[in-house]
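# Fold and geometry: a report
Below, each chain spelled out in residue letters.
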Amino acid sequence: IWTETLTPEKLARYRILVLFDAKIITDGQAALLRKWVNNGGVLIANGTTSLFTQGTVPRKNYLLAGLFGLDYLGNVGVNDPERIDTYGIKRGQASVKAVSGLAPENFRPFVHRAVKPVKSLGLYKVTEKAAAFLPRIVPGTVCEYDMPLGYSKVKPASAQVLASFSNGDPALTLNRVSKGLCYFWTPNFPALSHTSSEWEMSPNGYDFWMNVRELLEAMVRGGLAHQGGKLPVEVTGISKEVEVTVRQQPEQNRWMIHLLDYDTKSNGVKGGALTVPTHAGKKVKRIFYPDTSTELKLTTVEN
């Protein structure tokens, strides 16, 4: 959803909202988000979300600081050129080294994704108390981030710290807001990727910073668990190059689950297990390939 097109009706369709790099949030949009989270929504936001006015002027604090349960203290980055091997691309110019800071000219260049930095990478670690809110993440798990791109130094108020940098600064927090939750990831760009797939037309498969994909998945699972919900479909036993798309077709009383393999070297998606939780009062009658009507084996276990 585009932030500019948010409405209560659109938000009500979703249990979890990932709001990354939404630097500019208006008062009206903030009011919608607060109401949605208070009513039970789970918000996942990051470093600069709601930190700027519509005139791209930095605020002294997040407009959504109450939801995040913390206060903004400043931006932390790396300015020593000898410690930076993260590069950006400006249109019509050669590659340039990344520059820390929140001035627009610093974050406008596209980050060069073809090469993973070495000197620029920093680490943060999941705390011992995070297990209850980050399913499948082991306490002590180490994650990577890009130091020159920076992170927000924050002071938790009601928020609980789930991951920290080596200097003790929070890297991931969780705040309870009435019926809802808010996860806040302090890196400005926590999920940038490097090596792309070999798919010729659209490289949708990216290899992300270490444990970042897993950490985001854990937040989604933690949010669903808080609400007593489940993923609509879960596929296991397949490679991370496989994209899973789910579409409902109410008029046909069916769902379509599409697996798209971006690995050009593989020979089909094989060996995967598909789990589809049923809704109250309903059951799955058949699973089949729509093009050939070939039936797949169906086993029912605890709905």
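What counts as what
Residues numbered from 1 in each chain as written. Predicted model: local features only at pLDDT ≥ 70, side-chain atom pairs only at ≥ 80, totals over all residues. Heavy atoms only, no water. Salt bridge = Lys/Arg side-chain N within 4 Å of Asp/Glu carboxyl O. Helix = DSSP H or I, 4+ residues; strand = E, 2+ residues; numbered from the N terminus. Buried < 20%, exposed > 50% of the residue type's maximum accessible area, 1.4 Å probe, protein only. Core = buried A, V, L, I, M, F, W, Y, C linked by side-chain atoms within 4.5 Å. Pairing = 2+ DSSP bridges. Axes fitted to C-alpha atoms, helices over the stretch in contact; angles between N-to-C directions. Contact = heavy atoms within 4.5 Å. Disulfide = S-S within 2.5 Å. Expected span 1.5 Å × (residues − 1). Arc of directions from axis to C-beta. 1 Å grid on protein atoms, 1.4 Å probe; cavity = no way out; pocket = protein on both sides within 12 Å on 5 of 7 lines; lining within 4 Å. Points joined across faces, edges and corners; volume = space filled by probe spheres on them. Nonpolar A, V, L, I, M, F, W, Y, C, P; charged D, E, K, R; others polar. Patch = residues over 30% accessible without salt bridge, like charges linked within 9 Å, V, L, I, M, F, W, Y side chains within 5 Å. Areas by Shrake-Rupley, 256 points an atom, 1.4 Å probe, with all protein chains shown as cover.

### Regarding the pattern of salt bridges
Between side chains of opposite charge, a pair can form as their charged atoms come close. Summed over all chains, the structure comprises 6 salt bridges. Taking the shortest distance from any N to any O, the salt bridge between K153 and D169 comes out at 2.7 Å. Highlighted residues: K153 in strand β9 (residues 151-156) and D169 in the loop between β10 (160-165) and β11 (170-177), separated in sequence by 16 residues. Among the ionic pairs, E217 bridges to R221, the shortest N-O distance being 2.9 Å. Here R221 and E217 lie together in helix α5 (residues 212-227), a separation of 4 residues that amounts to about one turn. Classification of E217 by relative accessible area gives partly exposed; the value is 36%. When salt bridges with common partners are traced through the structure, they connect R136, E217, R221 and E234 into a single cluster.

### Considering the nonpolar core
Ranked by size, the top nonpolar core spans 34 residues in total, and within it Y124, L134, L162, L172, Y183, L215 and M219 carry the most contacts. The set of elements that each furnish at least two residues to this core consists of β2 (42-46), β7 (121-126), β8 (142-146), β10, β11, β12 (180-185) and α5. Broken down by element, the residue count for this core peaks at 5 residues, all from α5. Of all hydrophobic cores here, the second largest spans 27 residues; its members include L33, V154, V177 and F184.

### Details of the sheet that holds β7
If you walk across this open sheet you meet the 7 strands as β1-β2-β12-β11-β10-β7-β8, and the pairing is mixed. The open sheet terminates on both sides in strands that have one partner only, identified here as β1 (16-19) and β8. Pairs of neighbouring strands in the sheet enclose a mean axial angle of 20°, with direction left out of account. In this structure, β2 lies alongside β12, joined through 5 bridges in parallel fashion. Bridge pairing in β12 places N46 opposite W185. On top of the sheet, α5 reaches β1, β2, β7, β8, β11 and β12; it is set at about 170° to β12, its chief contact.

### Remarks on the state of the cysteines
Applying the stated rule across the entire model yields 0 disulfides. With no disulfide of its own, C143 lies closest to C182 among cysteine sulfurs, the gap being 18 Å. Residue class for C143 comes out buried when judged on its relative accessible area of 0%.

### So, helix α2 (residues 27-38)
With 12 residues, α2 should reach 16 Å at 1.5 Å per residue; the first-to-last C-alpha distance of 16 Å fits that figure. When we look at burial in α2, the residues that qualify are Q29, A30, L33, W36 and V37. An end-on view of α2 places all buried positions within 130° of arc, on one side of the element. When the buried face of α2 is taken as reference, the exposed residues oriented beyond 90 degrees from it are D27 and K35. Where the residues of α2 are buried, they touch α1 (8-12), β1, β2, α3 (65-68), β11 and β12. Phi for G40, located one or two positions after α2, is positive at around 120°.

### A word on the layout of surface pockets
Looking at the second largest pocket, its volume works out to about 170 Å³. Every residue lining the second largest pocket is listed: P8, L11, A12, Y14, L32, K35, W36, N39, G40 and G41. For the lining of the second largest pocket, the secondary-structure elements that each account for two or more residues are α1 and α2. Looking at side-chain class alone, the lining of the second largest pocket contains 6 nonpolar, 3 polar and 1 charged residues.

### Observations regarding α5
Here α5 is 16 residues long and its end C-alpha atoms lie 23 Å apart, about the 22 Å a rise of 1.5 Å per residue gives. Along α5, the residues classified as buried are V212, L215, A218, M219, R221, G222, G223 and L224. Downstream of α5 by one or two residues, G228 has phi in the positive range, about 70°.

### A closer look at a nonpolar patch on the surface
Nonpolar side chains collect at one region of the surface, where V244, V246, I257, L259, V269 and L274 lie side by side and expose about 380 Å² of accessible area between them. Looking at the nonpolar patch, the elements with two or more residues in it are β16 (242-249) and β17 (254-261). Tracing the backbone through its elements, the reader meets V246 in strand β16.

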